[in-house]
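# Chain and residue survey
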Amino acid sequence: MALDRIRTRFAPSPTGYMHVGNLRTALYAYLTARKSGGDFLLRIEDTDQTRQVEGATEIIYNTLKETRLFWDEGPDIGGPYGPYVQSERKDIYKKYALELVDMGAAYYCFCTKERLEEVNRIKELSGQVAGYDNHCRNLSKEEIKANLDAGVPYVIRQRIPDSGSTYFDDLVYGRIEVENNTLDDQILLKADGMPTYNFANVIDDHLMLINPVIRGAEYLSSAPKYSLLYRAYGWEIPDYVHCPPVMRDAQHKLSKRHGDASYEDLVEMGYLKEAILNYIALLGWSPKSDKEKFTLEELEAVFDPKNISRSPAIFDYEKLKFLNGEYIRELSPEDFKEKAMPYIKKTVKGDCDFDLLCHVLQKRCEVLGDISEQVDFIDEMPEYDIDLFTSKKMKTNPENSKQMLNELLPVLEGLNDWTMDNIHGELFKLIEKLGVKNGLLLYPLRVAVSGKQFTPGGGVELAAVMGKEKTIDRVKKALVKLA
RNA sequence: GGCCCAUUGGUCAAGCGGUUAAGACGUCGCCCUCUCACGGCGAAUUCAGGAGUUCGAUUCUCCUAUGGGUCACCA
């Protein structure tokens, strides 16, 4: 349609958290704009006065900033088409609604909620489809004036043509056309003077020169009504990009209300922002190549809304984890340490070689949140059974473990410069002297020092991480246990 | 229920009339290895079903099934 400048918008309603599906929609809108050097704007849809949530807008700002989805126009930075908060645009909607009434494309409706409920109840009983019965469609001018003068509360409804059909074009779904008689005379302006989403989005998107309009697929079925509105005003109908939902499983959408993680939750669990963004970009969209790892900048270059999928995508934590692991492994040792330390500190209050610990941890960490448990043996020796010394693969058992521990204890005690290289050197000399396999000596050391089946790092590494005193102490205790 | 949309391995997906039906995650096996992991190699698993159209359908059409969305003074 309009081939002018690409302008997209992210228009969340402030609910108090960032939904993963919403974030993806924001991402797609952002990318679509950036790809073509267009504008990306932020608009807050807060027309439901009953659902105001304290601090909700801040969360939206923060999430977008954290993920580097910077906007060119928005409530905080302004812009030529403001205000960008719908509740501040009340007068604008009213003006346009009245204009519609004048044109005959909308009308005053004085029906009470009670009446509407009654109508729907009766319709349901008789097996009819719910919906407005057009009761106020043809009130006389006098009736309307009398009601208005008497201060009877009213809403303004869209007058849908009785016949004909309406279509719109979607970049991912193609052209969708429906019969007008399946459409309802929806409310445009509520009794409190606020517009409904169905009205506000049309006015705002037009006034803010938005094209294409990118949003969730739940609006697919109301889009024809919007076309009717655009047409009534003589405005150009924008192109649409409807994004399929992100699902928890085959039949449920991802939803915070049902316990699914929001963006903030994922971050708290220890997922990296870059990994989250990368993953959700791939949920319902795919590049024309095998490439899967993308920076935001790379996405900006290759993204094309035409490649968005038409079917719902199930959110797969396994894949997110994998991707997160990839991002973690790419971190510089310094960055990893900075991110990992808070999680390490949850279970390690004492001292140890944190640099070395981080070094061994980085390769074994998919989600930062797992770290706490991975290092929980460092401060305090866990209870363990001597069966742990038995490893078929290492050919160890409590008996030979005891032997080996007895062999390595004096070696460790005699070591003055407690570095990983030295420990490694001395122990391997011993291995050679004894003529045994590495594992036979080292596996028991690892168990003695950690009391765990799996640990980040082997015996030598753990000994180096924990220090001489603690290592020797634990080896001695293991010997007592094995006696 | 009406209307709209969708349907390729367990998951994300490529494909756009002729392919050995990519790739990734996950799973399994092997190698590496002082555990686990990382890394390397390999394997198994898919076109929802049925009619058409066509020399030929995963690709086009229709029907069925299944799933989703929507029918609010919520967005």
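Residues numbered from 1 in each chain as written. Chains lettered and ligands numbered in written order. Predicted model: local features only at pLDDT ≥ 70, side-chain atom pairs only at ≥ 80, totals over all residues. Heavy atoms only, no water.

### Some points on the overall build of chain A
How we decide: Helix and strand definitions here come from DSSP, where helices need a minimum of 4 consecutive H or I residues and strands a minimum of 2 consecutive E residues; each element is numbered from the N-terminal end. Radius of gyration here is computed from C-alpha atoms only, and the compact-globule reference equals 2.2 Å multiplied by the residue count raised to the power 0.38. Categorising residues by exposure relies on relative accessible area from a 1.4 Å probe, with only protein chains included: less than 20% of the type maximum marks a residue as buried, more than 50% marks it as exposed, and the intermediate range marks it as partly exposed. Residues are treated as being in contact if the distance between any of their heavy atoms lies within 4.5 Å. In short, Shrake-Rupley with a 1.4 Å probe defines the accessible areas, and a residue's cover is counted only from the protein chains shown.
Scanning chain A from terminus to terminus reveals 19 helices and twelve strands. Computed over the C-alpha atoms, the radius of gyration of chain A is 32 Å, more than 25% above the 23 Å expected from 2.2 N^0.38 for a compact globule of 483 residues. Across the 483 residues that make up chain A, the buried fraction comes to 49%. Sequence-distant contacts in chain A: of pairs separated by 6 or more residues, those separated by 24 or more amount to 75%. Total accessible area on chain A stands at roughly 23500 Å², and carbon and sulfur atoms take up 51% of it.

### Details of the confidence of the model for chain A
Applicable threshold: The predictor attaches a confidence to each residue, called pLDDT, with possible values from 0 through 100.
Looking at chain A as a whole, the pLDDT averages 95, with 99% of positions reaching at least 70. Under the prediction, the complex receives an ipTM of 0.96, its pTM being 0.95.

### Things to note about the protein's contact with RNA strand B
Using the following cut-off: Neighbouring residues are identified by heavy atoms, a residue being near a molecule or strand if any of them is within 4 Å of it. Contacts described as polar in this section are N or O atom pairs within 3.5 Å, which, within protein, must combine one atom able to donate a hydrogen with one able to accept it, while residues neighboring in sequence count only if both atoms come from side chains. Three classes are used, and their members are as follows: Ala, Val, Leu, Ile, Met, Phe, Trp, Tyr, Cys and Pro are nonpolar, Asp, Glu, Lys and Arg are charged, and the others, Gly among them, are polar.
Contacts to RNA strand B come from 63 residues, most closely from Lys 190, Lys 288, Glu 292, Arg 364 and Gly 457. At the protein interface, 72% of the atoms of RNA strand B within 4 Å belong to sugar or phosphate. Between RNA strand B and Ser 221, the relevant distance is 3.1 Å, taken from a sugar or linking oxygen to a side-chain nitrogen or oxygen of the residue. With respect to RNA strand B, the backbone of Gly 458 contributes an N or O atom lying 3.0 Å from a base oxygen. Among the elements of the structure, helix 4 (113-125), strand 6 (174-179), helix 6 (197-207), strand 12 (313-314), helix 11 (317-330), helix 17 (438-450) and helix 18 (459-466) are those that each provide at least two residues to the surface near RNA strand B. Its residues assigned to classes, the surface near RNA strand B shows 25 nonpolar, 19 polar and 19 charged.

### Some words on the pairing of strand 2 (residues 39-42)
Just so we agree on the cut-off: Strand pairing is assigned whenever DSSP identifies at least 2 bridges connecting the two strands.
Alternating residues of strand 2 divide into Asp 39 and Leu 41 and Phe 40 and Leu 42, and every residue in both groups is buried. With four bridges connecting them, strand 1 (residues 7-10) and strand 2 associate as parallel partners. When the bridges of strand 2 are listed, Arg 9 appears paired with Leu 41.

### Some words on the state of the cysteines
Filter applied, for reference: What counts as a disulfide here is a pair of cysteine sulfur atoms lying within 2.5 Å.
Throughout the structure, instances matching the rule amount to zero disulfides. Left unpaired, Cys 111 is separated from the closest cysteine sulfur, that of Cys 136, by 3.5 Å. By relative accessible area, which is 4% here, Cys 136 ends up buried.

### Structural notes on the side chain of Asp 205
Within the secondary structure, Asp 205 sits in helix 6. Judged by its relative accessible area of 1%, Asp 205 falls in the buried class. Here the side chain of Asp 205 touches Arg 43 through a polar contact of 2.9 Å, side chain to side chain. Setting aside its immediate chain neighbours within four residues, Asp 205 contacts Arg 9, Arg 43, Ile 210, Val 213 and Tyr 230.

### Section: the side chain of Thr 455
Relative to the helices and strands, Thr 455 is located in the loop between helix 17 and helix 18. Judged by its relative accessible area of 13%, Thr 455 falls in the buried class. A polar contact of 3.0 Å, which involves the side chain of Thr 455, links it to the backbone oxygen of Gly 457. With near-sequence residues (within four places) excluded, Thr 455 lies in contact with Arg 364, Phe 377, Arg 446, Ser 450 and Leu 462.

### Structural notes on the nonpolar core
Applicable threshold: Only buried residues count toward a nonpolar core. Its members are Ala, Val, Leu, Ile, Met, Phe, Trp, Tyr and Cys residues joined through side-chain atoms within 4.5 Å.
Judged by nonpolar contacts, the single largest core of 105 residues is most densely connected at Leu 64, Phe 315, Phe 336, Ile 344, Leu 357 and Ile 371. With nine residues, the single largest contributor to this core is helix 1 (residues 20-35). Contact partners of Leu 64, with chain neighbours within four places excluded, come to Phe 10, Met 18, Leu 23, Ala 26, Leu 42, Leu 69, Phe 70 and Trp 71. Of all hydrophobic cores here, the second largest spans 35 residues; its members include Ala 106, Tyr 108, Tyr 230 and Trp 235.

### Side note on the environment of Arg 137
In this fold, Arg 137 is placed in the loop between helix 4 and helix 5 (141-149). What makes Arg 137 buried here is its relative accessible area of 11%. Considered as a pair, Arg 137 and Cys 109 are 28 residues apart in the sequence and their alpha carbons are 7.4 Å apart. If near-sequence neighbours (up to four positions away) are discounted, Arg 137 is found in contact with Tyr 107, Arg 159, Ile 160, Asp 162 and Asp 185. Within the local environment of Arg 137, its side chain forms a polar contact with the backbone oxygen of Ile 160, the two atoms lying 2.4 Å apart. Among the polar contacts made by the side chain of Arg 137, one reaches the side chain of Asp 185 at a distance of 2.8 Å.

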